[in-house]
Amino acid sequence: MASTVTMTVNGKSVTGAVEARTLLVHFLRETLGLTGTHVGCDTSQCGACVVHVDGKSVKSCTILAVQCAGADVMTIEGLAKDGTLHPMQEAFRDNHGLQCGFCTPGMVMSAVDLAKHNPAPSEQEVREWLEGNLCRCTGYHNIVKSVIAGAKAMQG
Amino acid sequence: MYNFEYHKPTSVADAAALLAKADDAKLMAGGMTLLPTLKQRLAQPSDVIDLGGIAGLAGIRKEGNALVVGAMTTHAAVAHSAEVKATIPALAHLAGMIGDPQVRHRGTIGGSIANNDPAADYPGALVALGATVTTNKRTIAADQFFTGLFETALDAGEIVQSVSFPVPEKAAYTKFRNPASRYAIVGSFVAKGPSGVRVAITGAGPTVFRWKEAEAALAGSFTPAAVEKLTAPSSGLNSDIHASAEYRAHLVGVMTKRAVAAAG
């Protein structure tokens with residue numbers, strides 16, 4: 001049965017029709033057209049779908065859109081401001097923290113969450129934090145470098 | 001995922017009323033097990049009752065010599081809580097080893113214990129620490145709560161509200177993780193506290209169990225050496241592609257020895 005849901009996405013209030021079973025990731029991609037959030041495994045393993053809900057990183061393939069009614073959601077599209085990349089995005093570019101780029105939106109969103117409460121993470125802390133984000137290209141080395149550099153840059 | 005009616009009650013009483021009225025309702029806490037189950041069409045509930053709108057079900061507080069954790073408290077909240085780290089650091093450590101950061105932001109203690117996955121971490125903590133589960137109907141001792149594979153003592157209309165952990169003198173949790181899922185292939189929670197020395201094993205059998213032989217040995221001497229020579233029986237333990245029953249039995253000993261060492 002369809003109902004409508006209203007939430008804040010990237011600072012703007014949005015309303016859309018959803019079914020009870022509609023996942024947040026599908027609401028973002030199909031209803032709002034925000035296709036930066038990817039569906040990788042669709043089984044809450046890979047982290048390509050990571051977004052922030054009320055300031056915390058979550059896997060948007062494992063939360064219902066209706067659960068997010070009234071919530072503040074941030075996707076990868078919400079990071080850059082006025083055409084300037086977010087420091088974490090810039091760090092991924094500078095350090096070549098990607099190859100195919102499919103996992104990158106989730107990696108960046110996860111990394112931004114880490115940096116918010118751990119401004120200077122060690123390599124070990126970054127690797128542990130990225131447990132829920134899989135990359136099948138890079139071997140993670142440059143991703144870890146990017147996250148460390150991005151966290152530093154976020155402190156200004 | 002099959003469709004369902006979604007409800008987000010604001011009180012436990014309303015949630016219980018919805019549960020009683022619906023044909024085949026499921027309660028949803030963090031949804032970290034329920035949603036993947038629904039996505040695979042392994043369940044088709046008529047109604048999903050989201051407990052996320054009930055104020056007061058999440059939170060951590062000290063009550064006398066016990067730490068009380070609300071059912072909707074997330075693993076991340078337990079892992080980062082200054083109160084938990086100060087009183088039962090082993091519990092914070094356990095919560096910080098569940099899944100990955102994103103799962104820990106959603107998954108809850110109430111959901112974990114009500115689901116009673118054989119490889120879940122929390123059942124070990126509840127049994128080893130001699131915890132008490134408070135529901136909307138009664139209190140249940142941890143020893144009576146976990147009854148079998150994905151089975152608990154909870155009645156159909158019963159909702160977990162909080163878990164009370166007596167603060168132990170010392171405790172530690174060690175697990176051998178499945179490298180992909182992070183679930184426990186074997187986890188051992190050892191505690192020395194108000195209810196004596198307890199060793200609770202998760203992941204190894206159909207549900208959490210106490211390793212009484214190790215408890216007796218540790219009651220005499222709470223040292224890794226006391227359990228060094230013990231061998232857990234492999235009969236009745238899980239055997240799957242990840243580990244045979246014999247290997248799990250071996251890990252029970254190794255994890256317990258390491259947990260005792262970590263507890264100090």
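Predicted model only: the values in this text are computed from it and were never measured.

### Details of the domain arrangement of chain A
All names here are of chain A. Under the domain assignment, chain A is made up of domain 1 (2-76) and domain 2 (87-154). Distance from the C-alpha centre of domain 1 to the C-alpha centre of domain 2: 21 Å. With 15 residues of domain 1 at the contact, the number on the domain 2 side is 11 residues. Counting residues per element, the ones that place at least two in the side of domain 1 that touches domain 2 are β3 (50-53) and β4 (56-59).

### Topic: the domain arrangement of chain B
Domain boundaries assigned for chain B yield domain 1 (1-49) and domain 2 (170-263). For domain 1 of chain B and domain 2 of chain B, the distance between their C-alpha centres works out to 34 Å.

### Notes on the interface of chain A and chain B
In this assembly, 19 residues from chain A lie in contact with 18 residues from chain B. Here the element with the most residues in the side of chain A that touches chain B is β4 of chain A; it accounts for 4 residues. Class assignment of the residues belonging to the side of chain A that touches chain B gives a composition of 7 nonpolar, 7 polar and 5 charged.

### Digging into the sheet that holds strand β13 (residues 196-202) of chain B
Two modes of strand pairing occur in sheets, parallel and antiparallel, and in both the strands are linked by backbone hydrogen bonds. All names here are of chain B. If you walk across this open sheet you meet the 4 strands as β11-β12-β13-β14, and the pairing is antiparallel. For this open sheet the edge positions go to β11 (170-177) and β14 (209-210), each flanked by a neighbour on one side alone. Relative to β13, strand β12 (residues 184-193) runs antiparallel, the two being bridged by 7 bridges. Pairing of A191 across the sheet is with R198, part of β13. Against the sheet, helix α8 (residues 122-129) touches β11, β12, β13 and β14, its axis set at about 160° to β13.

### Considering the sheet that holds strand β1 (residues 2-9) of chain A
Residues and elements named next belong to chain A. Ordered by their spatial adjacency, 5 strands build an open sheet running β2-β1-β5-β3-β4, and the pairing between neighbours is mixed. Each edge of the open sheet is held by one strand with a lone partner, namely β2 (12-19) and β4. Averaged over neighbouring strand pairs, the angle between their axes works out to 45° when direction is ignored. Across 4 bridges, β3 lies against β4 in antiparallel orientation. Considered in β4, the bridge of H52 is made with S57. The sheet contacts of helix α3 (residues 104-117) involve β3 and β4, and relative to β3 the element is tilted by about 40°.

### Observations concerning the pairing of strand β6 (residues 132-135) of chain B
All names here are of chain B. Across 3 bridges, the pairing between β6 and strand β7 (residues 139-141) is antiparallel. Within the sheet, the bridge partner assigned to V133 lies in β7 and is I140. Turn length for the β6-β7 hairpin, with the two strands adjacent in sequence and antiparallel, is 3 residues. The pairing of β6 with strand β10 (residues 160-166) spans 4 bridges and is classified as antiparallel. Residue pairing in the sheet places V133 in a bridge with V163 of β10.

### Section: helix α12 (residues 245-263) of chain B
Residue and element names in this part refer to chain B. Helix length check: α12, at 19 residues, gives a terminal C-alpha distance of 26 Å against a target of 27 Å (1.5 Å per residue), a fit within 8%. Turning to α12, its buried residues number three or more, namely R248, A249, L251, V252, M255, T256, K257, A259, V260 and A263. Turning to α12, the residues buried within the fold contact β11, β12, β13, α10 (212-220) and α11 (224-228). Phi turns positive, to about 80°, at G264, one or two residues after α12.

### Considering the packing of α3 of chain A against helix α5 (residues 141-154) of chain A
All names here are of chain A. Axis separation between α3 and α5 bottoms out at 10 Å; the angle between their running directions is 45°. In terms of axis orientation, α3 runs oblique to α5. Relative to α5, the crossing made by α3 is right-handed. Between α3 and α5, the residues in contact are M107, A111, L114 and A115 and I143, V147, G150, A151 and M154, respectively. In the contact of α3 with α5, the residues fall into 8 nonpolar, 1 polar and no charged.

### Let's talk about the environment of V14 of chain A
All names here are of chain A. Mapped onto the fold, V14 is located in strand β2. Sequence-wise, V14 and G70 are 56 residues apart; in three dimensions their C-alpha atoms are separated by 9.9 Å. For V14, the contacting residues outside a window of four places in its chain are M7, V9 and L32.

What counts as what
- Residues numbered from 1 in each chain as written.
- Chains lettered and ligands numbered in written order.
- Predicted model: local features only at pLDDT ≥ 70, side-chain atom pairs only at ≥ 80, totals over all residues.
- Domains from an automatic or database assignment.
- Contact = placed C-beta atoms within 7 Å.
- Helix = DSSP H or I, 4+ residues; strand = E, 2+ residues; numbered from the N terminus.
- Nonpolar A, V, L, I, M, F, W, Y, C, P; charged D, E, K, R; others polar.
- Pairing = 2+ DSSP bridges.
- Axes fitted to C-alpha atoms, helices over the stretch in contact; angles between N-to-C directions.
- Expected span 1.5 Å × (residues − 1).
- Buried ≥ 20, exposed ≤ 12 C-beta atoms within 10 Å, placed from the backbone.
- Parallel < 35°, antiparallel > 145°, perpendicular 65-115°, else oblique.
- Left-handed = near helix turned anticlockwise from the far one by under 90°.

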